Amino acid sequence: MDTRDAVSAFLRSRRDKITPEQAGLPTYGQRRVPGLRRGEVAALAGVSVEYYTRLERGNLKGVSDSVLDALAHALRLDDTERTYLYDLARAAGPAPGARARQRTVRPTVRPSVARIVEGMPELPAYVMNNRLDTLAANPLGRALYSEMFADPTCGANVARFAFLNPAARRFYTDWERMARFAVGALRVEAGKSPYDRELSNLIGELSTRSDTFRVMWGSHDVHVFRESTKRLNHPLVGDLELDQETMSLPDASGLSVVVYSAPPETAAEDHLKLLASWSATTGLVT
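Just so you know, these numbers come straight off a predicted model, no measurement behind them. (Residues numbered from 1 in each chain as written. Predicted model: local features only at pLDDT ≥ 70, side-chain atom pairs only at ≥ 80, totals over all residues. Heavy atoms only, no water.)

Peer 1: Would you take a moment to explain the layout of surface pockets for this structure?
Peer 2: By rolling a water-sized probe across the atoms, one finds the places where empty space is left. By volume, the second largest pocket amounts to about 490 Å³. In this structure, the second largest pocket is lined by 24 residues; those nearest its centre are Asn130, Lys192, Val224, Ser248 and Ser256. Elements with a contribution of two residues or more to the lining of the second largest pocket: helix H6 (79–91), helix H13 (175–192) and strand E4 (238–248). Residues of the lining of the second largest pocket, tallied by class, amount to 10 nonpolar, nine polar and five charged. (1 Å grid on protein atoms, 1.4 Å probe; cavity = no way out; pocket = protein on both sides within 12 Å on 5 of 7 lines; lining within 4 Å. Points joined across faces, edges and corners; volume = space filled by probe spheres on them. Helix = DSSP H or I, 4+ residues; strand = E, 2+ residues; numbered from the N terminus. Nonpolar A, V, L, I, M, F, W, Y, C, P; charged D, E, K, R; others polar.)

Peer 1: Would you explain the packing of helix H1 (residues 3–16) against helix H4 (residues 49–56) in this entry?
Peer 2: If you want to describe how two helices pack, look at the angle between their axes and the distance between the axes. Across the interface, H1 lies against H4 with an axial gap of 8 Å and an inter-helix angle of 120°. Considered as vectors, H1 and H4 are oriented oblique to each other. Every residue of H4 that contacts H1 at Val7, Ser8, Leu11, Arg12 and Arg15 is listed here: Tyr52, Leu55 and Glu56. Residues of the contact of H1 with H4, tallied by class, amount to four nonpolar, one polar and three charged. (Axes fitted to C-alpha atoms, helices over the stretch in contact; angles between N-to-C directions. Parallel < 35°, antiparallel > 145°, perpendicular 65-115°, else oblique. Contact = heavy atoms within 4.5 Å.)

Peer 1: Sorry, what's going on with empty space enclosed by the protein here?
Peer 2: Counting across every chain of the model gives two cavities of 30 Å³ or more. Computed from the structure, the largest cavity encloses a volume of approximately 80 Å³. In terms of lining, the largest cavity is formed by Tyr172, Asp174, Arg177, Met178, Phe181, Phe225, Ser228, Thr229, Lys230 and Arg231. Listed by contribution, the elements that provide at least two residues to the lining of the largest cavity are H13 and strand E3 (228–234). Looking at the lining of the largest cavity element by element, the count peaks at four residues for E3. Classifying every residue of the lining of the largest cavity gives four nonpolar, two polar and four charged.

Peer 1: When you look at the sheet that holds E4 in this model, what are you seeing that I'm missing?
Peer 2: Backbone hydrogen bonds hold the strands of a sheet together, and the pairing may be parallel or antiparallel. Strand order in this open sheet of five strands is E2-E1-E5-E4-E3, and the pairing throughout is antiparallel. At either end of the open sheet lies a strand with only one pairing partner, and these are strand E2 (134–137) and E3. The average angle at which neighbouring strand axes cross in this sheet is 30°, direction not considered. Taken together, the three bridges between strand E1 (residues 125–128) and E2 define a ladder with antiparallel strand orientation. Within E2, the position partnered with Val127 by the bridge is Ala136. Against the sheet, helix H16 (residues 267–282) makes contact with E3 and E4, and its axis sits at roughly 85° relative to E4, the strand it touches most. (Pairing = 2+ DSSP bridges.)

Peer 1: Got a minute to help me understand the packing of aromatic side chains in this structure?
Peer 2: Aromatic ring pairs are reported here in terms of the distance separating the ring centres and the angle at which the planes meet. Scanning all chains against the criterion turns up 12 aromatic pairs. Ring geometry for Tyr145 against Phe171: centres 5.2 Å apart, planes inclined by 65°, an arrangement best described as edge-to-face. You can see Tyr145 sitting in the loop between helix H9 (139–144) and helix H10 (146–150) and its partner Phe171 sitting in helix H12 (residues 168–171), a full 26 residues away along the chain. The same class applies to Tyr145 and to Phe171, which are both buried. Members of the aromatic cluster, joined through ring pairs, are Tyr126, Tyr145, Phe161, Phe171, Tyr172 and Tyr260. The aromatic ring of Trp175 is capped on one face by Arg169, whose charged end is 3.7 Å from the ring centroid. Between the NZ or CZ atom of Arg187 and the centre of the ring of Trp217, over which it lies, the distance is 3.8 Å. (Phe/Tyr/Trp six-rings, centres within 6.5 Å; stacked < 30°, edge-to-face > 60°. Buried < 20%, exposed > 50% of the residue type's maximum accessible area, 1.4 Å probe, protein only. Lys NZ or Arg CZ within 6 Å of the ring centre and 35° of its normal.)

Peer 1: Is there a simple way to explain unusual backbone geometry in this structure?
Peer 2: Peptide bonds are trans in most cases, and residues, glycine excluded, mostly fall at negative phi. Look at Leu132: it is not a glycine, yet its phi comes out positive at around 70°. Among the secondary structure elements, Leu132 is positioned in the loop between E1 and E2.

Laid out in C-alpha cells, this is it:
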C-alpha cells in the first residue's frame, strides 16, 4: 500500500463526510464541496491552511501527537479511525527497508491457544489473524463455515469467501454489512503493516477479482472486529442468529480467538446442537 496515497484519500474521505453544520460552522451561499473545505478543517485543527494541505497530500512525516489529536477532533474521527490515523503517521517514519524487515515473522497458533479452541466443543470457535485467515478451528467452527473450508480457492480466508464465493451472499444474511466490516478490518491492518506483502497480495487479488470489493476499499472506511450479532443461513440447519465475541491475544502476534454462541432456549441454540451432532456424525475435517 502506498502510504502517502492512503493518507491523502483517508483525510479527504473523512473531510467529505462532515457538513459545516455538524462542525458548528456557519454556511454562506452555494458550496462546491460535499463536506468541509480544507481551510475549515485547518481552522478547526488550529493549523495553517498550508500545513493542512501538506498533510492532506499524504505527508505525515514528523507530525506531532498534538497535531494528530487536533486533526482527529476536527474530522470527528471515532476510536478506530483515530488509531488508523496514528498508524499511518507511524508508517511515515522509518525507512521502508526497516519496516519490511520487521514483518518477516509469521505468527503461529500456540498449542495452548489451540487447546482452548478445541476445548469448547459446543461453541463454534476459530483463530484468525489480521488478514482474516482462519488458522485453526474446532469441529463446530469448521461445520459452521463448511462452505468456506470446502472451497480450496478461499484459502480459509474470510474476505476471499465473502467476496469470491457466491455462497457467501446466502450464508451471511447481512452480507453487505459483513463485507464492509471485512474491508474495514483489512484497511486497519494495511495502516499498521503497509509493507506486508501477503496483505498487499490479498488486497490486490480481491480488487482485481471483485468490483464490489474495489468500490468498498475505495471508501477508506475502517473497522475493528469486536462483539456483534451475526445472522447466518447455514445450508444444513438454516437460519442462525449468534453472538460473536472476538478476543485479541495479549501478545504481538495479531491473532484473535473468535467464538460464536446462542442465547439459551432459542432456535439458534437448537440449530447449533443439530450442527454439532451432524459434525460429530460425519467426522467433518478440513
